[in-house]
Amino acid sequence: MEGVAVSPPGLRKEEAKFLRDLREFWKGHHQEELYGNLEVYLLRNLPRVGVGFFRRSGFYPDFIIWIKDKKKKITQVQFIDPHGLHHGGLTGNRDRIEALKELKEISKQTPFRKKKMTMSGYLLTQTKLDEIPDVGDLDWQALEQDYSILRQEGSYLNKIFKIE
């Protein structure tokens, strides 16, 4: 149709999977003791105009999740970006990876510690390990620890909801 625009654009396959997984996870776990004190808020971030982080180029994570533990009075802000790594690999996603590392470091600063607030995030991928161009000898554990990359399958949401 001429003159019709959709904003934001429709969900990509990886984004839709993340939302389905999140809904099912919360539906199945929200009444458990570990999660019973949590309030969860989700925002779909707008590309190029929403919350962005800048190094050499802009990084606008697709989703922002606020996880508030009412009992411990801790707030965790997670920046989540589900997409594949088969094209850019680690090198092509360096700005995203570095931005997520910096958020963790910023969270260690006194104003954030006083407010009991942490920031972190993950790049989520369904790409198989052997299809990530420059992964070398790294395994999924190393990608998670050193690059904030989670494989978008299994119990990956447990890691996102981990309250420290």
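Residues numbered from 1 in each chain as written. Predicted model: local features only at pLDDT ≥ 70, side-chain atom pairs only at ≥ 80, totals over all residues. Heavy atoms only, no water.

Caption draft 1: Structural view of the overall build of the protein. For the protein, the helix and strand inventory stands at six helices and seven strands. A burial count over the protein gives 37% of its 164 residues as buried. Counting only carbon and sulfur atoms, one obtains 51% of the accessible surface of the protein, whose full area is about 10100 Å². (Helix = DSSP H or I, 4+ residues; strand = E, 2+ residues; numbered from the N terminus. Buried < 20%, exposed > 50% of the residue type's maximum accessible area, 1.4 Å probe, protein only. Areas by Shrake-Rupley, 256 points an atom, 1.4 Å probe, with all protein chains shown as cover.)

Caption draft 2: Here's a closer look at the confidence of the model for the protein. Of all residues in the protein, 88% have pLDDT values of 70 or greater, and the mean over the chain is 88. Highest mean pLDDT in the protein belongs to helix H4 (residues 110-114) (95); lowest belongs to strand E2 (residues 53-54) (68). (pLDDT = per-residue confidence, 0-100.)

Caption draft 3: Quick look at the sheet that holds strand E7 (residues 149-151). One open sheet holds the five strands; their spatial order is E1-E4-E5-E6-E7, and the pairing between them is mixed. Edge positions in the sheet fall to strand E1 (38-44) and E7, since each of these pairs with one other strand and no more. Within this sheet the neighbouring strands show an average axis-to-axis angle of 25 degrees, counted without direction. Judged from the seven bridges that link them, strand E4 (residues 63-69) and strand E5 (residues 74-82) form a sheet pairing that is antiparallel. Each residue of the ladder has a partner; that of Asp69, found in E5, is Ile74. (Pairing = 2+ DSSP bridges. Axes fitted to C-alpha atoms, helices over the stretch in contact; angles between N-to-C directions.)

Caption draft 4: Broad picture of unusual backbone geometry. With phi around 55 degrees, Lys73 is a residue other than glycine that occupies positive phi space. Inspection of the secondary structure assignment puts Lys73 in the loop between E4 and E5. One non-glycine residue, Ser148, lies in the positive phi region at around 55 degrees. With respect to the secondary-structure elements, Ser148 resides in the loop between helix H5 (140-147) and E7.

Caption draft 5: Geometry of the nonpolar core. Judged by nonpolar contacts, the single largest core of 18 residues is most densely connected at Phe79, Leu143 and Ile149. Here this core gets four residues from one element, more than from any other, and that element is helix H3 (residues 94-106). Setting aside its immediate chain neighbours within four residues, Phe79 contacts Val51, Phe53, Pro61, Phe63, Ile64, Leu100, Leu103, Met119, Ser120, Gly121 and Tyr122. Of all hydrophobic cores here, the second largest spans 16 residues; its members include Tyr35, Phe63, Leu157 and Phe161. (Core = buried A, V, L, I, M, F, W, Y, C linked by side-chain atoms within 4.5 Å. Contact = heavy atoms within 4.5 Å.)

Caption draft 6: Molecular detail of the environment of Arg12. The topology assignment puts Arg12 in the segment before helix H1 (13-29). In this structure Arg12 touches Asp62, Pro82 and His83, once residues within four positions along its chain are discounted.

Caption draft 7: Seen up close, H1. In this model H1 runs 24 Å from its N-terminal to its C-terminal C-alpha over 17 residues, within 8% of the 24 Å that 1.5 Å per residue would give. Of all the positions in H1, only Glu14, Glu15, Phe18, Asp21, Leu22 and Phe25 are classed as buried. When H1 is viewed along its axis, its buried side chains cluster within an angular range of 125 degrees and face the same direction. Turned more than 90 degrees from where H1 packs its buried face, Lys13, Arg23, Lys27 and Gly28 sit exposed. Lining the buried residues of H1 we find E1, E4, E5, strand E6 (117-125) and helix H6 (156-160). (Expected span 1.5 Å × (residues − 1). Arc of directions from axis to C-beta.)

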